[in-house]
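Read off the chains here:
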Amino acid sequence: MQSNAALEYDYSLAKKFTYLTILFGFLGMLVGTIIAAQMAFPELNYLLGEYGTFSRLRPIHTNTVVFGFTVSGIFATWFYLGQRVLKVSIAESKFLMFIGNLQFWLYFVGALLATVSLLFGISSSKEYAQYEWPFDLVVVVIWVLWGVGIMGLIGIRREKALYISVWYYLACFLGIAMLYLFNNMAIPTYFATEGLGNILHSVSMYAGTNDALVEWWYGHNAVAFGFTVPIVGMIYYFLPKESGQAIYSYKLSLLSFWGLMFVYLWAGSHHLLWSTVPDWMQTMGSAFSVVLILPSWGSAINMLLTMKGEWNQLTENPLIKFMVLASTFYMLSTIEGPIQAIKSVNAIAHFTDWIPGHVHDGVLGWVVFMIMAAIFHMAPRMFKREIYSKKLMESQFWLQTTAVVLYFTSMWIAGITQGMMWRAVDEYGNLMYSFIDTVTVLHPYYTIRAVSGVLYLVGFLMFAWNIYKTITSGRQLTEEPQFKTPMA
């Protein structure tokens, strides 16, 4: 521990990406709240003309949360914990500092331009892959720069063993690199047609069912290697550091890691059940989705058992609350997904609001909670100041927990109601309800979702304010806290 304490880590990049995480988190959640309100009150679609419609804002919401907030959080935590578990400061290499700063500025400018492009309707129209080809190229450059940074830091490390968190970050880098390249292969039509059409427009290199298969191989695994793998890497570092408890089982962490790597990649076809995809591929997607429960729960149970005998910390430290609830939502989400991937369940669930309900209990309850907890842990150590307000953190926790529960319960009820109404027939075999009948019935649940979005957004603003006040007026710390984060 002494040699670790003697090292002066450089947190300049971690700080920059932390600011971006908060900025993109606010923007992504604000747009998400607006479109949730539009679903309940359609007249809100016309406030800003074509630029304020659901169809323009929805890709901005998903891409800003995925590629803005979450990826910023992944970068911020890597530049913090990467140095600490490898026992090396990034400032020891001028090359790595240059690469890191280039990555930051390319990412910041590229993300803003890409978001504006979506606002203007410049889109490939592929789920989670709406950015057109010039922005895809920028994403590839940014990702390669991050990979060079990871490999470079590992190359000059003092710690011989690679801690499990590093494995997860490496898997995040390699997984998304492969997925993004293959799914976004496109032909820019301007160059293929000797100057006809818009220079930004492109056509996918895949067609029909093949395009759908590659798209959902990518889409499902973007969740795997963006929303799951690096977040597990985070909690394996931040939970032991915050609680002072060793991980319950290092073997289980390795077993779960390889389980995720081998199983997750084959589950994407469960998004295409009851479609033109060959039946054996649909069945394979369902089977692998059910098997996926094992490595997912292996990680989550490992996290919860880490707190064995120390549950009293839940009452004393709100940061532990965030991490334990994040692990619980991870368990909930990774049992719910496989259930939805069973063919008979999927026949009712597909295309209904139960699907976004599942996505959001995972993202809001697991991903966002864990990234906020990581930033709360990092802030006093990066800025050498005590967390501004423990009471504010407690209030934020309960407000956002209430919001997530309201969100997913309203969407569960809405989704199952939808699925049952769409399938209902009378004694003559005629459909009993029109599409508009289902929309009318769902209005109260859409209103509840919009309210939960407002509550969650207010909670995120409380988080942002707490971090801002910590940086600007938190009590200065003379020495770095070893475990529990100090808070006023």
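Higher on the page you've got the structure.
Residues numbered from 1 in each chain as written. Predicted model: local features only at pLDDT ≥ 70, side-chain atom pairs only at ≥ 80, totals over all residues. Heavy atoms only, no water.

### Remarks on the overall build of the protein chain
Threshold: Strands are runs of DSSP state E lasting at least two residues, helices are runs of H or I lasting at least four, and both sets are numbered from the N terminus onward. Partly exposed describes any residue whose relative accessible area lies between the buried limit of under 20% and the exposed limit of over 50%, with all areas from a 1.4 Å probe on protein chains only and scaled to the type maximum. Note on areas: Shrake-Rupley, 1.4 Å probe, and residue coverage restricted to the protein chains presented here. His is not counted, nor are the chain ends; Lys and Arg add positive charge and Asp and Glu add negative charge. For charged residues, the charge sits on one atom: NZ in Lys, CZ in Arg, CG in Asp, CD in Glu.
In terms of helices and strands, the protein chain carries 17 helices and two strands. Viewed in the frame of its principal axes, the protein chain has a C-alpha envelope of about 80 × 60 × 45 Å. Looking at the protein chain as a whole, 56% of its 488 residues qualify as buried. For the protein chain, the exposed area adds up to about 20700 Å²; of that, 71% sits on carbon and sulfur atoms. Here the protein chain carries 26 positive and 26 negative side-chain charges, and the mean point of each set is 14 Å from the other.

### Things to note about unusual backbone geometry
Notably, Ser-125 is not glycine yet its phi reads approximately 65°, a positive angle. The exposure class of Ser-125 is exposed, given its relative accessible area of 66%. If you check the backbone angles, Phe-351 has positive phi at about 70° while not being a glycine.

### Examining the nonpolar core
What counts here: Residue types Ala, Val, Leu, Ile, Met, Phe, Trp, Tyr and Cys, when buried and joined through side-chain atoms within 4.5 Å, form a set referred to as a nonpolar core. The contact rule is simple, with two residues in contact once any of their heavy atoms fall within 4.5 Å.
In this structure, Trp-146, Phe-238 and Trp-366 are the most contacted members of the largest nonpolar core, which totals 134 residues. Here the element with the most residues in this core is helix H15 (residues 354-383); it accounts for 17 residues. With near-sequence residues (within four places) excluded, Trp-366 lies in contact with Phe-227, Thr-228, Ile-231, Val-232, Ile-235, Met-303, Ala-326, Ser-327, Phe-329, Tyr-330 and Asp-361.

### Section: the pattern of salt bridges
Using the following cut-off: One speaks of a salt bridge when a side-chain nitrogen belonging to Lys or Arg is within 4 Å of a carboxyl oxygen belonging to Asp or Glu.
With the rule as written, the count across this model stands at eight salt bridges. Measuring nitrogen to oxygen at the nearest pair gives 2.7 Å for the salt bridge that ties Glu-127 to Arg-58. Here the residue Glu-127 occupies a position in the loop between helix H4 (94-119) and helix H5 (133-155), and Arg-58 occupies one in helix H3 (residues 54-86), the gap between them amounting to 69 residues. Residue class for Arg-58 comes out partly exposed when judged on its relative accessible area of 26%.

### As for the packing of aromatic side chains
The condition that has to hold: Within 6.5 Å between ring centres, the rings of Phe, Tyr and Trp (the latter by its six-membered ring) count as paired, and their orientation is classed by plane angle as stacked under 30 degrees, edge-to-face over 60, tilted in between. For a ring to carry a charge above it, either NZ of a lysine or CZ of an arginine must fall within 6 Å of the ring centroid while also lying within 35 degrees of the normal to the ring plane.
Applying the stated rule across the entire model yields 50 aromatic pairs. Geometrically, the ring pair formed by Tyr-237 and Phe-238 is edge-to-face, given 5.0 Å between the ring centres and 90° between the ring planes. By relative accessible area, which is 5% here, Tyr-237 ends up buried. One aromatic cluster is present, built from ring pairs that chain together Phe-17, Phe-24, Phe-75, Phe-79, Phe-104, Trp-105, Tyr-107, Phe-108, Trp-143, Trp-146 and Phe-173. For Lys-16, the ring lying beneath its charged end belongs to Phe-104, and the centroid distance is 5.7 Å.

### Some details on the environment of Glu-480
Keep this limit in mind: By the criterion applied in these results, polar contacts are pairs of N or O atoms within 3.5 Å in which, for protein atoms, one can donate a hydrogen and the other can accept it, and in which residues neighboring in sequence qualify only through two side-chain atoms.
Inspection of the secondary structure assignment puts Glu-480 in the segment after helix H17 (435-473). Taking C-alpha positions, Glu-480 is 7.1 Å from Lys-384, a pair spaced 96 residues apart along the chain. Setting aside anything within four residues of it in sequence, one finds Glu-480 in contact with Tyr-11, Arg-84 and Arg-381. Within the structure, Glu-480 has its side chain in polar contact with the side chain of Arg-84 (distance 2.5 Å).

### Considering the side chain of Ser-269
Position of Ser-269 among the secondary structure elements: in the loop between helix H9 (250-264) and helix H10 (279-291). In this structure the side chain of Ser-269 is engaged in a polar contact, spanning 3.4 Å, whose partner is the backbone nitrogen of Gly-285. When residues no more than four places from it in sequence are discounted, the contact partners of Ser-269 are Leu-213, Met-281, Gln-282 and Gly-285.

### Looking at H3
So the rule is basically this: To estimate how far a helix should extend, the number of its residues minus one is multiplied by 1.5 Å. What the bend at a residue measures is the angle between two axes, fitted to the seven residues ending there and to the seven starting there.
The end-to-end C-alpha distance of H3, which contains 33 residues, comes to 45 Å, matching closely the 48 Å that a straight helix rising 1.5 Å per residue would cover. Where H3 bends most, the angle comes to about 35°, and this point is Thr-64. For H3, the buried fraction is high: 30 of the 33 residues fall into the buried class. Looking one or two places after H3, you find Lys-87, whose phi comes out positive at around 55°.

### Topic: the side chain of Thr-33
Structurally, the position occupied by Thr-33 is in helix H2 (residues 12-40). Of note is the side chain of Thr-33, whose polar atom sits 2.7 Å from the backbone oxygen of Met-29. Excluding anything up to four places from it in sequence, Thr-33 contacts Ala-450, Gly-453, Val-454 and Leu-457.

### Thoughts on the packing of H2 against H15
Rule in force here: Lines fitted to the C-alpha atoms define the axes, with helices restricted to the stretch that makes contact. Angles between their N-to-C directions range from 0 to 180 degrees. With the far helix as reference, a near helix turned anticlockwise by less than a right angle produces a left-handed crossing, and one turned clockwise produces a right-handed crossing. Note that Gly is not counted as nonpolar here; it falls among the polar residues with everything else outside the nonpolar set of Ala, Val, Leu, Ile, Met, Phe, Trp, Tyr, Cys and Pro and the charged set of Asp, Glu, Lys and Arg.
Closest axis-to-axis distance for the H2/H15 pair is 11 Å, and the angle between their directions is 145°. You can see that H2 and H15 cross each other, and the crossing is left-handed. Mapping the contact onto sequence places Ala-14, Lys-15, Thr-18, Tyr-19, Thr-21 and Met-29 in H2 and Val-368, Ile-371, Ile-375, Met-378, Met-382 and Phe-383 in H15. Split by residue class, the contact of H2 with H15 holds nine nonpolar, two polar and one charged.

### Some remarks on the environment of Gly-219
Here Gly-219 lies in helix H8 (residues 208-243). Residue Gly-219 is classed as buried on the basis of its relative accessible area of 1%. Along the backbone, Gly-219 and Lys-126 are 93 residues apart, and their C-alpha atoms lie at a distance of 9.4 Å.

### Quick notes on the environment of Gly-268
Structurally, Gly-268 is set in the loop between H9 and H10. Expressed as a C-alpha distance, the spacing of Gly-268 and Phe-288, which sit 20 residues apart in the sequence, is 9.1 Å. Ignoring any residue separated from it by four or fewer positions in sequence, one finds Gly-268 in contact with Trp-216 and His-220.

By themselves, these are just geometric observations and shouldn't be taken as functional.
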